Amino acid sequence: MPAELQHPHSKYSQWKFKLFRVRSMEKAPLPSETQLEKGALSGFSPPVASNIELDNTVGPGSVMKLCLGGKSKENVEGPGRRVDMKLLEMDTHMNHLRCLCRLCGNVLRKVKGPVHDVHADLDEASKGALRKMGCKFTSWPEVILKVFKVDVTEDTEAVHPLSFCHCCWMTSIRGGGVCSFSRTRVPEWHPHSSSCHLCSPKKPSFQRTGRKKRKAIPRAQSLAKRTRWDHSNSIAIGERRTLKPFGDRHHVPVLRAWKKPSIQREQWVKNITHCQKDHLSTTLISETLPVDFLFSFTCLVCDHLLFDPVQSPCGHLFCRRCIIKCNHVLGPHCPACNLPCAPDDLTPPAKAFLSALHSLPLLCPRGGCGQQVRLDSFKAHCLGHDLDEQNTNKQSSELDIYLLTNKGGRPRQHLLSLTRRAQKHRLRDLKNQVKVFADKEEGGDLKSVCQTLFLLALRSANEHRQADELEAMMQGRGFGLHPAVCLAIRVNTFLSCSQYHKMYRTVKATSGRQIFQPLHTLRAAEKELLPGFHQFEWQPALKNVSASCNVGIINGLSGWTSSVDDSPADTITRRFRYDVALVSALKDLEEDIMEGLRESGMEDSACTSGFSVMIKESCDGMGDVSEKHGGGPVIPEKAVRFSITIMSVSVLADDEEEAVTIFTEPKPNSELSCKPICLMFVDESDHETLTALLGPVVAERNAMKESRLILSIGGLPRSFRFHFRGTGYDEKMVREMEGLEASGSNYVCTLCDASRVEASQNMVLHAITRSHEENLERYEIWRTNPFCESGEELRDRVKGVSAKPFMETQPTLDALHCDIGNATEFYKIFQDEIGEVYHKANPSREERRSWRAALDKQLRKKLKLKPVMRMNGNYARRLMTQEAVEVVCELVPSEERREALRELMRLYIQMKPVWRSTCPAKECPDQLCRYSFNSQSFADLLSSTFKYRYNGKITNYLHKTLAHVPEIIERDGSIGAWASEGNESANKLFRRFRKMNARQSKAFELEDVLKHHWLYTSKYLQKFMEAHKDSAKALQATIDPVEIMEDEDMSLDITDF
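Reading the values: rules and limits
Residues numbered from 1 in each chain as written. Predicted model: local features only at pLDDT ≥ 70, side-chain atom pairs only at ≥ 80, totals over all residues. Heavy atoms only, no water. Helix = DSSP H or I, 4+ residues; strand = E, 2+ residues; numbered from the N terminus. Buried < 20%, exposed > 50% of the residue type's maximum accessible area, 1.4 Å probe, protein only. Contact = heavy atoms within 4.5 Å. Areas by Shrake-Rupley, 256 points an atom, 1.4 Å probe, with all protein chains shown as cover. Polar contact = N/O pair within 3.5 Å; in protein donor to acceptor, adjacent residues only side chain to side chain. Expected span 1.5 Å × (residues − 1). Arc of directions from axis to C-beta. Salt bridge = Lys/Arg side-chain N within 4 Å of Asp/Glu carboxyl O. Axes fitted to C-alpha atoms, helices over the stretch in contact; angles between N-to-C directions. Parallel < 35°, antiparallel > 145°, perpendicular 65-115°, else oblique. Left-handed = near helix turned anticlockwise from the far one by under 90°. Nonpolar A, V, L, I, M, F, W, Y, C, P; charged D, E, K, R; others polar. Core = buried A, V, L, I, M, F, W, Y, C linked by side-chain atoms within 4.5 Å. 1 Å grid on protein atoms, 1.4 Å probe; cavity = no way out; pocket = protein on both sides within 12 Å on 5 of 7 lines; lining within 4 Å. Points joined across faces, edges and corners; volume = space filled by probe spheres on them. Pairing = 2+ DSSP bridges. Phe/Tyr/Trp six-rings, centres within 6.5 Å; stacked < 30°, edge-to-face > 60°. Lys NZ or Arg CZ within 6 Å of the ring centre and 35° of its normal. Patch = residues over 30% accessible without salt bridge, like charges linked within 9 Å, V, L, I, M, F, W, Y side chains within 5 Å. Lys, Arg positive; Asp, Glu negative; His and termini not counted. Charge placed at Lys NZ, Arg CZ, Asp CG, Glu CD. pLDDT = per-residue confidence, 0-100.

Trainee: How should I be thinking about the overall build of the protein in this particular structure?
Mentor: Helices and strands together make up the secondary structure of the protein, namely 45 helices and 17 strands. Counting only residues that meet the buried cut, the protein has 42% of its 1057 residues in that class. Contacts spanning at least 24 positions in sequence make up 68% of the contacts within the protein whose residues lie at least 6 apart. For the protein, the exposed area adds up to about 59300 Å²; of that, 53% sits on carbon and sulfur atoms.

Printed below as a string of structure tokens:
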């Protein structure tokens, strides 16, 4: 005590004042006591050096400072006391949060039903309910994010509740895991503060009525204290409500127990860190180590052995998880010395300290083990114990399976002799186990799992015949064919309804079994494959297109505007709506799309948008399709078909920069991939009628370009955008659609503005300049003639545009018609070389006829090529070979001309793979690199040796072959994949389907042709046919088993059934 306070002759007032200051000093703790109390609360004694330092700081000077400063918060409470108050507040705040729902904020105990963890995985009941509605999520955070639009993955226990009530669970289930049908308003959760509405709730009853709070009656000091009930776990919200934590079912009053500050602080810290199950206690150390040595390996927050240790700037050691949680709750300060310590300031300790920590010997706590294990291998040692226990439990459970439990009463009956209800009761445990396995491994396909188990049981019992029958039924072949298999057989063998029904009755009567399905079953199966069955949505909605999804085959003349004289249209047309047909085509590729996602390693649920679909459009006339049967109006006996092919499907994931192609059509030029959209009896040369019939198709196509399709693929709604390329057109159809003059025009090319003379003088150096927009502008110039020019000047200005373009086509080259056109030109060159036209100026018609007859005779004799009236693809392939040139050279008299013909064919054969291959960069890279050189050599040969034929003229396809192929390959990557060969190959299908569905009315006949042609191109039916190629032999064995046993070598192809 200072000497001035001990002076004997001080005045009374000064003595009274000083005495008051001394008593204040006695009540206030000294700084040394504050530090010691803090050390006691943290559960350890400070080092000796710290004690010495504290003793040096306590002296007369610091006492005087305390006396002069008074009882301030800094001097009286101390940092340890403030930390404890903060911990107490956070513990109370977290107890409040545990009683509330994370999503609606209601009190959990007031809501009936179980409580669910926010961060847990879906339980079996919830997962099963959501799977039935198409949701494939596996955890609650994903469902909550989709339904309530709240991300709970970043929630912390100090700010957010970790549970939600049963009402919110019902909301998630009713919404199917994707939406919410209730107006649940998710509250905003804020960190604890001095004005926290949970810990310090407002009391609106006082503010509303203006009443004063009643003063408490003071108790007499002489009376003994009564026992107070423990209300520490209650939560005061409002004036009259008191909430108890959820799960408290004890109604017996509990006395409030007094706890030491250190124990209370340890409990608060445990509630914050929650590391009791993860971190190891110091009691596991097998040897008796010095206290100070052991203290250096202990976390100063949780008092456990250090796990993933970090060091603060002040030199204290903590577990990384504990110090981060402690800083999040108490602020960025060191819990040991209260110095600033942010998470970024934490550093790993020295390697020597880590090696010493990992070498600590621990005693295994498992009973009967007693082994000493190093700290770094302690976890692996405990995992070994767990695996041993699992194996032991598994063996005991396997033994229990074979023990039949009979609890007395009547003898245990066999399973097959029980009623269905009793069978369900006995097998309920097995059913639940199989269901869990099916949901986890097979996507919920319980039926396939049970059938496979039965099949394996039959195989193990050597009952192979019954197993074969079961396997045939599972795969839809053999005994009782699947309806899709029967439909595929009918469509691929072109059987009419009466023919199929006759076969169905014959097989059933002969074999005694119903192997084929009746016609009504086939009609039900084909509804799912035809357009108009699946639901979809366009965002935004298509302009001028109905939003109805259930639209099948419609009349192509619907919406036809009558002419002035009201004359009816002399045509019949049937078509699918373009968008509905695309939906059906995508659903047909559903398995391929999902398989592509799996092979690309993409998460199924993450790829719901960014799908791009590339469509190839084809349109061509089928020529004369006249038939002797049928009635109706007088219509042209020529038909036109508009069809599409899905070339590829790609997806751009959210976190990716480039799109990944998940499906590519393996056979883009096959009739199996070319799906018909519109069939019409019309002449392709009738521009006005063709324009009117394809006008609605063009309008739907343009509307789909500006929208995106929402369609369920793989159980999840996905977004698709479509890109259309009109490449499957021949020269004649391109000129019709783009409004150009006929192919005999002076403007030889549909890709550039070159005239026939310019193209013959410069055969190679031309660029693609025409486009659909430019053709529209030129048509307006042709229609209005704004410069008042003459006919020839106007024609030269618009470069051959004479009609309004009505459909956009891709400026490209059709590979099939290019082959046919070039083969036709070579056929004429062969005739001229046989007759030596380079010597003769104007040969007569009789001479040309004799040269052609000689050429046909030679080709028929040597190559067995029959003469054709019109060049086709098969004849062109056989003619454009080196063998055919050698045969022709036998008729050419001059050796020099023979060598020129051989060189011309050699160059053509070198160039042909570039435009015929699907991917020239992979299939023929050498020919692609040499194409420009070969085309220049080919052009030089034409302009020199064969100048007599190409002096001022050149054919259309020969000009495109020499001038535009490299540019198209560089832009599109391929010419052969975008050819019209699939549409041309389908011409024979039209005639076969028309014979198959011969009816009195051509309108109904066209509907049947369109329907069966669409089913013929179904990937779903093609896979069934591929999987059941060998089922015909089993079918024959079923019909006549004796005959098949006698003739083992008999084989029957399903396509010739």
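Having put the structure on the table, let's press on.
Trainee: Sorry, what's going on with the environment of E895 here?
Mentor: Relative to the helices and strands, E895 resides in helix 34 (residues 895-916). When its relative accessible area of 42% is taken as the criterion, E895 is described as partly exposed. Reaching out from E895, the side chain makes a polar contact with the side chain of R898 at a distance of 3.0 Å.

Trainee: Where do I start with the environment of R770 in this structure?
Mentor: Structurally, R770 is set in the loop between helix 27 (756-761) and helix 28 (772-784). Here R770 falls in the buried class, since its relative accessible area comes to 4%. Residues R770 and C752, spaced 18 residues apart in sequence, show a C-alpha to C-alpha distance of 5.5 Å. The residues touching R770, leaving out its near neighbours within four places in the chain, are L740, Y747, C749, T750, L751, C752, D753, N775, R778, K799, V801 and P811. From its side chain, R770 meets the backbone oxygen of C749 in a polar contact 3.5 Å long. A distance of 2.6 Å separates the side chain of R770 from the backbone oxygen of K799, its partner in a polar contact.

Trainee: Whenever I open this one, helix 17 (residues 428-441) confuses me. Can you help?
Mentor: Because the α-helix completes a turn every 3.6 residues, residues three or four places apart line up on one side. Over its 14 residues, helix 17 extends 20 Å from the first C-alpha to the last, a length consistent with the 20 Å expected when each residue adds 1.5 Å. Among all positions in helix 17, only V434, A438 and D439 are buried. Down the axis of helix 17, the buried side of the element spans an arc of 135°, and every buried residue falls inside it. Within helix 17, the exposed residues directed more than 90 degrees away from the buried face are Q433 and K440. Looking at the buried positions of helix 17, the neighbouring elements they touch are helix 7 (124-132) and helix 18 (446-460). Of the residues flanking the end of helix 17, it is G443, one or two places downstream, whose phi is positive at about 70°.

Trainee: Would you explain unusual backbone geometry in this entry?
Mentor: For residues that are not glycine, phi is negative in most cases, and the peptide bond is trans in most cases. Put simply, Q539 and P540 share a cis peptide bond, and its omega is -10°. Looking at where P540 falls in the secondary structure, it is placed in the loop between strand 9 (537-539) and strand 10 (553-555). Phi at K149 takes a positive value of approximately 60°, unusual for a residue other than glycine. If you trace the backbone, K149 turns up in the loop between helix 8 (140-147) and strand 2 (163-164). The exposed category is assigned to K149, whose relative accessible area is 62%. Although it is not a glycine, C788 sits at a positive phi angle of roughly 50°.

Trainee: Looking at this model, I keep getting lost on the side chain of N987. Mind explaining?
Mentor: One can find N987 in helix 41 (residues 987-996). In this structure the side chain of N987 is engaged in a polar contact, spanning 2.8 Å, whose partner is the side chain of R641. If we ignore the near neighbours within four places in the chain, the residues touching N987 are G621, M622 and R641.

Trainee: Would you mind going over the pattern of salt bridges with me for this structure?
Mentor: Oppositely charged side chains are able to pair whenever their charged atoms sit close together. Under the definition given, this model contains 42 salt bridges. For R98, the salt bridge identified is with E157, shortest N-O distance 3.2 Å. With R98 in helix 6 (residues 78-98) and E157 in the loop between helix 8 and strand 2, this residue pair connects regions lying 59 residues apart in the sequence. The partner of E526 in a salt bridge is K1011, and the shortest N-O contact between them spans 3.5 Å.

Trainee: Looking at this structure, I do not really get the packing of helix 41 against helix 42 (residues 1002-1016). What am I missing?
Mentor: The packing of two helices is summarised by the inter-axis angle and the distance between the axes. Running from N to C, helix 41 and helix 42 cross one another at 125°; their axes reach a closest spacing of 9 Å. Classified by the angle their axes make, helix 41 and helix 42 are oblique. Of the two elements, helix 41 crosses helix 42, and the hand of that crossing is right-handed. In contact with L989, F990, F993, R994 and M996 of helix 41, helix 42 contributes K1002, E1005, L1006, V1009, H1012, H1013 and Y1016. When grouped by side-chain class, the residues that make up the contact of helix 41 with helix 42 number 7 nonpolar, 2 polar and 3 charged.

Trainee: Just to check I follow, could you spell out the nonpolar core for this structure?
Mentor: The nonpolar side chains of a soluble globular protein tend to be buried with one another. Formed by 97 residues in total, the largest nonpolar core has its most connected members in F642 and F722. With residues near it in sequence (within four places) discarded, F722 still touches W538, L582, L586, V613, I615 and L709. Y875, A900, Y931 and L958 belong to the second-largest nonpolar core, a separate cluster that totals 60 residues.

Trainee: For this particular structure, what's the right way to read empty space enclosed by the protein?
Mentor: A probe matching the size of a water molecule, rolled over the atoms, marks out where space remains unfilled. Counted by the stated rule, this structure contains 5 cavities of 30 Å³ or more. As a volume, the largest cavity reaches approximately 210 Å³. Taken together, 22 residues form the lining of the largest cavity, with V734, T750, T809, Q810 and P811 sitting closest to its centre. For the lining of the largest cavity, the elements supplying multiple residues, two or more each, are strand 17 (716-728), helix 26 (731-737), helix 28 and helix 38 (956-963).

Trainee: Sorry if this is basic, but what is going on with the pairing of strand 13 (residues 638-651) here?
Mentor: Successive residues of a regular strand alternate their side chains across the two faces of the sheet. Counted residue by residue, strand 13 has 12 buried out of 14 residues, so it is predominantly covered. Bridge analysis of strand 12 (residues 611-624) against strand 13 gives 12 bridges, and the strand direction is antiparallel. Among the inter-strand pairings, F611 is bridged to a residue of strand 13, identified as V651. Sheet analysis places strand 13 next to strand 15 (residues 675-681), joined by 6 bridges and oriented antiparallel. Bridging across to strand 15, S643 finds its partner in P676. As judged from the 4 bridges shared by strand 13 and strand 14 (residues 660-664), these two strands associate in the antiparallel manner.

Trainee: What's the story with the packing of aromatic side chains in this structure? I'm lost.
Mentor: The way to describe two aromatic rings as a pair is by their centre distance and the angle between their planes. Going through the model one piece at a time under the given rule, you end up with 19 aromatic pairs. In textbook terms, an aromatic cluster arises when at least three aromatic residues are bridged by ring pairs, as seen for W538, Y578, F642, F722 and F724. Against the face of W978 rests R725, its NZ or CZ located 4.8 Å from the ring centre.

Trainee: Just to check I follow, could you spell out a negative patch on the surface for this structure?
Mentor: A cluster of like negative charges, contributed by D654, D655, E656, E657 and E658, occupies part of the molecular surface. Note on placement: E656 falls in the loop between strand 13 and strand 14.

Trainee: Is there a simple way to think about the environment of L740 in this case?
Mentor: One can find L740 in the loop between helix 26 and helix 27. Given the relative accessible area of 10%, L740 is considered buried. Separated by 64 residues in the primary sequence, L740 and K804 have C-alpha atoms spaced 8.5 Å apart.

Trainee: I keep staring at the side chain of H160 and nothing clicks. Help me out?
Mentor: With respect to the secondary-structure elements, H160 resides in the loop between helix 8 and strand 2. When near neighbours in sequence (up to four residues on either side) are disregarded, H160 contacts L97, R102, D155 and W189.

Trainee: Is there a simple way to think about the pairing of strand 15 in this case?
Mentor: Of all 7 residues that make up strand 15, 7 are buried, and the element is covered over most of its length. The pairing of strand 11 (residues 573-576) with strand 15 spans 3 bridges and is antiparallel. If you follow R574 over to strand 15, its bridge partner there is L679.

Trainee: So what exactly am I meant to see when it comes to the confidence of the model for the protein here?
Mentor: Taken as a whole, the protein shows an average pLDDT of 78; of its residues, 77% reach a score of 70 or greater. Between residues 15-77, whose pLDDT stays under 50, and residues either more than four places distant or in other chains, the model counts 50 contacts.

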